[in-house]
Each structure stands twice: as C-alpha cells, then as structure tokens.
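One-letter residues, chain by chain:
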Amino acid sequence: MEGTNPVNKKLAAALSGGAVLVLALTGCSGDDSNEKLDAWAKEVCDGVQPQAKKIADANAAIQKQTSDNSKPEDVQKTDSQAFKDMSEAYKAIGTTVDKAGAPDVENGEQKQQDAVKELNGISSSYASLQKQVDELETKDQAKFAEGLKEIATELEKLSKSGNDALKALEEGEVGQAMNRQESCKSATASASAPATQS
C-alpha cells in the first residue's frame, strides 16, 4: 500500500534544513589568535562534535525511511527515535555552551545566554515532535500520512526559525576561533553530509 512516500520525502527534506541548524559555523578565515577565545571555542567545538554526529545520524535514519513501501509502524518508530536523539543532542549542545561560559568578546555573555536559551528551545521542539509522532494512528494509512504532513510543516518552521541567537554567537571573532578548531570543521562536515543527498 503506497501513499506515505511524498509526505515522507517532505519530512526528510524539512529535517535536512533543521539538522544543520546549530552548525552554521562561519567560514571566516583569520588567524588573529586569541588564546582565551580559542580555548572557549575548543571546549564548545569538542562538545558539539559528538552531538553533531548524533543529529546527522538521526537525519540519515529518517532519510532512509522514505521509500514507498515503508510501513507506518516503521516510519513512526524511526521518526520517534530520531526526534528523541535530536532533542537530546540540542540539549547537550546547550549544556556545552552554558558550561563554557561567555566568550571573550563584546556582549559575549548576552550572546551566550541567548544561544543556550535557543538551543534548549530547539530541544523542546523536537521533544514535542516526538510526542506528536508517537500519537499518530498507524493503522489508518491516510490518517497517518495526514499526521506526518503536520509534523513536516512543524519541522519546516523549526528549520527556518530560531537560528538568530546562534548566528549572533558565531559572528566575528568567535566564528573565526571556532573555524580554527578541527572538531568544529569535522562537526560541520558530518552534519551537513546527509543533507546533500537527493
């Protein structure tokens, strides 16, 4: 029985946008090294790397479950686990940024607090999507597809909104310091890889 495919594809596409949300690390080059800032960036990047992989893996799991013959039960199970993993990953990144303290830049404390608040908000959004997917009716294909469509819409909103505080945190010197960290480079690569699949 077919029918979930277009909706599943929409879900995967929406998720690709959201998965790299936290990893919009600036590609600025610049070597005006600032030891304090570099130490801060290393702590954040090292903490982000495993979580970025978790987000990328969750994204890839949903992408994989987008064929015509995926059973609603399988889609539900995969999506639920993926949203749970993403919720936990964003929460952990928020904790990392919180623990690292304020970066040594102008308005660093405000930028850090805003970013932590945003990351925790994203985490809550994914937790709520997990709850929504768990409550979907898998016995009725049409109802299930309808429910997935609503979740995909929420995901699209999530991937478009809420990126501002992170962007502000990663501006200028902070972005340059992060860009110098190997762990941030590999975190960005691992999270953006699944999003490029067609």
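For the structure, check the block above.
Residues numbered from 1 in each chain as written. Predicted model: local features only at pLDDT ≥ 70, side-chain atom pairs only at ≥ 80, totals over all residues. Heavy atoms only, no water.

Visitor: What should I look at first to understand the overall build of the protein chain in this one?
Guide: On a plain count of helices and strands, the protein chain comes out with 8 helices and 0 strands. Listing the helices and strands of the protein chain from first to last along the sequence gives α-α-α-α-α-α-α-α. Counting all 198 residues of the protein chain, 47% fall into the buried class. Counting only contacts in the protein chain whose residues sit at least 6 apart along the sequence, the fraction spanning at least 24 positions is 87%. Carbon and sulfur atoms provide 48% of the accessible area of the protein chain, an area that totals close to 9700 Å². (Helix = DSSP H or I, 4+ residues; strand = E, 2+ residues; numbered from the N terminus. Buried < 20%, exposed > 50% of the residue type's maximum accessible area, 1.4 Å probe, protein only. Contact = heavy atoms within 4.5 Å. Areas by Shrake-Rupley, 256 points an atom, 1.4 Å probe, with all protein chains shown as cover.)

Visitor: What am I meant to see in the nonpolar core here?
Guide: Grouped together as the largest cluster of nonpolar side chains are 38 residues, with contacts concentrated most on Trp-40, Val-44, Phe-83, Val-97, Tyr-126, Leu-129 and Met-178. Ranked by residue count, the leading element in this core is helix 2 (residues 35–64), at 10 residues. Contacts of Val-97, omitting those with residues within four sequence positions, involve Val-44, Gln-112, Val-116, Leu-119 and Leu-169. (Core = buried A, V, L, I, M, F, W, Y, C linked by side-chain atoms within 4.5 Å.)

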